[in-house]
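Observations on the model geometry
Now for the letters of each chain:
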Amino acid sequence: MNKDVNHKKAAVLGLQHLLAMYSGAIAVPLLIGTALKFNAAHMTYLVSIDIFMCGFATLIQLFRNKYFGIGLPVVLGCAIQAVAPLEMIGRKFTINTMYGAIIASGIFVFLIAGWFSKVKKLFPPVVTGTLITVIGLTLIPVAVQNMGGGNAGAKDFGDAKNLITAFVTILIILLIEILAKGFLKSIAVLIGLILGSLLAAAMGMVSLTPVSQASWFHLPQFFYFGVPEFEWSSCITMIIIALVSMVESTGVFFAIGDLLKKDISEDDLKRGYRAEGIAQIFGGIFNTFPYTTFSQNVGLLQLSGIKTKRPIFWAAGMLMAMGLLPKIGALVTIIPTPVLGGAMLVMFTMIAVQGIKMLVHVNLDDSRNLLIIALSIGLGLGVTVYPQIFQTLPQTVQLFLSNGIVVASLSATILNLILKKEGDIH
C-alpha cells in the first residue's frame, strides 16, 4: 500500500506520526528543564518552542536539494542521548555554555558530513541488518517501562489500570491490523491511541490541567536565555554526542531505504547529515536542543504501509503549529503513558523484525556472519541494560559506549572488517 494519499488522509497519517514521536520529543526539554530548575515560564518556552523546532528540523530534512535534506519520510526530534551531557554542562558552567556547545556541534556535523558519508562502504547487509535489529530491541524496554506507567520506581508501576490500558491499546491495534483494510488499517496506531485514551479517561487516568494551564500563543525568540558562550570541553562533549547521533541516524536512513527499496548513496547520507547539522545550529540559536532523525517512526511506516513524504509534511506542519499554540500542544500530553507504551511496543518490535528480515538474506551458513550478528546484538543489548559497565572509563569514552546502538554499530563494523575474507560479498 505504498501509494500516494489525498490531503485529508495524509493529515490523519501525519497526526499518527506526530503522536508516535511526541513523548520522545518533549521528554528532553522536561528532563533538562527540571534538572536545571527552570521556572514555569522558562519551562513553557522550552517545551513549546522545542515542538516548533522538531517540525522545522523535519522540514529541513524533507526538502531535498543540492546541499542538504535526505528527502526520505523521516521525523526529527530531540536526541535523548544529549540529556545527561547537557545537564552536566548546564550545572558546571551556564545554560548559555550549553547552547554554545549545541551550536558548535551543529557546525561540526555540517562540516564533516561529506567525510562521514564515506561510512556507507562499512555498512553491508550483515552490519545494517544487525544495527536495525538492535535499534528495535533497545527501544523495547522503553515501551515496556511506559506500559507500566513510566517510572519504574513509582508505587503504582505495573498497576492494574496501567496494564489494562496498555494491553487493550495493543489489542485494538492488532484487531485493526488483522480485520481492517485500506486507510483504516494504515491508521491502526492512531485509533489504538485514541480508544486507549478514552478507556483511560473512563478509569480516571486523564487530567485536562495541562491544557487549561497552557498559554494560547507563543513565538520562538533568538537567544531567549542569553547569548551563547563557547567553552572548549563542553563543545567537545557535544561533538561526541553529535557523532553518536550520526551513527544512529545512519542506521535509520538504511532502515527506511530498505523499506522503500531505495539504495542510500553517499550523497544521500551527506545531505542527511548536513540537514541534522543545520537543525542543531538552529536548536542552539533558538535555545532548544540538538535534533536527530527519530527511529520511532520507522516501525510506523512499516505498519501503515504508507511510505510517501506527504504525511510527514503534515506532521512537520502540525508540530510547528503546536509549538506556536501551546494549548493545542498540551492536548497531546494528556495521552496516558501506558497507552503510549502499548502503541510503542507494537512499533518498536516492528523495527526489530525489519532488521531480522534483512538478516535472512545474509549468508547465515557462514560462521563469521553468525559471529558478527550474535556478538553485536549481545553487546548492544547488554550495554542498554547495564550502561554503567563502563563507569570506570573516562567520561568522554563513556559518552560513546553507554549507547547500545553505537556499541552494536562499532562491534558489527569492526568484526565485519576483521572477519571478512578477500573477495567476500557481505
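Note that the structure is a prediction, hence the values are computed from the model and not measured. (Residues numbered from 1 in each chain as written. Predicted model: local features only at pLDDT ≥ 70, side-chain atom pairs only at ≥ 80, totals over all residues. Heavy atoms only, no water.)

1. Things to note about the packing of aromatic side chains
- Per the counting criterion, the structure on display carries six aromatic pairs.
- Seen from their ring centres, Phe 56 and Phe 282 are 5.1 Å apart, and the 80° between their planes marks the pair as edge-to-face. Within this pair, whereas Phe 56 is found in helix α2 (residues 40-62), its partner Phe 282 is found in helix α11 (residues 266-285), the two being separated by 226 residues in sequence.
- Measuring from centroid to centroid gives 6.2 Å for Phe 253 and Tyr 273, while their planes differ by 45°, and the two rings are tilted. (Phe/Tyr/Trp six-rings, centres within 6.5 Å; stacked < 30°, edge-to-face > 60°. Helix = DSSP H or I, 4+ residues; strand = E, 2+ residues; numbered from the N terminus.)

2. Structural notes on α11
- Taking 1.5 Å of rise per residue, the 20 residues of α11 would be expected to cover 28 Å, and the 29 Å separating its terminal C-alpha atoms lies within 8% of that figure.
- Remark: Asn 287 follows α11 within two positions and exhibits a positive phi of approximately 60°. (Expected span 1.5 Å × (residues − 1).)

3. Topic: the pattern of salt bridges
- In the structure shown here, the tally under the stated rule is seven salt bridges.
- Across the pair Lys 270 and Asp 267 runs a salt bridge whose closest N-O atoms are separated by 3.4 Å. With Lys 270 and Asp 267 both in helix α11, this residue pair falls three residues apart, about one helical turn.
- Accessibility expressed as a relative area gives 23% for Lys 270, which makes it partly exposed.
- Its relative accessible area of 36% is what places Asp 267 among the partly exposed residues. (Salt bridge = Lys/Arg side-chain N within 4 Å of Asp/Glu carboxyl O. Buried < 20%, exposed > 50% of the residue type's maximum accessible area, 1.4 Å probe, protein only.)

4. A closer look at the state of the cysteines
- Summed over all chains, the structure comprises zero disulfides.
- Here Cys 54 stays free of any disulfide, with the sulfur of Cys 78 as its closest cysteine sulfur at 4.7 Å.
- No disulfide involves Cys 235; its sulfur sits 19 Å from that of Cys 78, the nearest cysteine.
- The exposure class of Cys 235 is buried, given its relative accessible area of 11%. (Disulfide = S-S within 2.5 Å.)

5. Re the environment of Asn 297
- In this structure, Asn 297 sits in helix α12 (residues 296-304).
- Each C-alpha atom of the pair Asn 297 and Gly 404 lies 19 Å from the other, and the pair is 107 residues apart in sequence.
- For Asn 297, the contacting residues outside a window of four places in its chain are His 17, Ala 20, Met 21 and Val 75. (Contact = heavy atoms within 4.5 Å.)

6. Observations regarding helix α6 (residues 160-179)
- The end-to-end C-alpha separation of α6 is 28 Å, in line with the 28 Å expected for 20 residues at 1.5 Å each.
- Burial in α6 covers these residues: Asn 162, Thr 165, Ala 166, Thr 169, Ile 170, Ile 172, Ile 173, Ile 176 and Glu 177. Projection of α6 onto a plane perpendicular to its axis shows the buried side chains occupying an angular sector of 155°, all on one side. Opposite the buried face of α6, at more than 90 degrees from it, the exposed residues are Ile 178 and Leu 179.
- For α6, the capping residue at the N-terminal end is Asp 159, with a side-chain oxygen 3.1 Å from the backbone nitrogen of Lys 161. (Arc of directions from axis to C-beta. Polar contact = N/O pair within 3.5 Å; in protein donor to acceptor, adjacent residues only side chain to side chain.)

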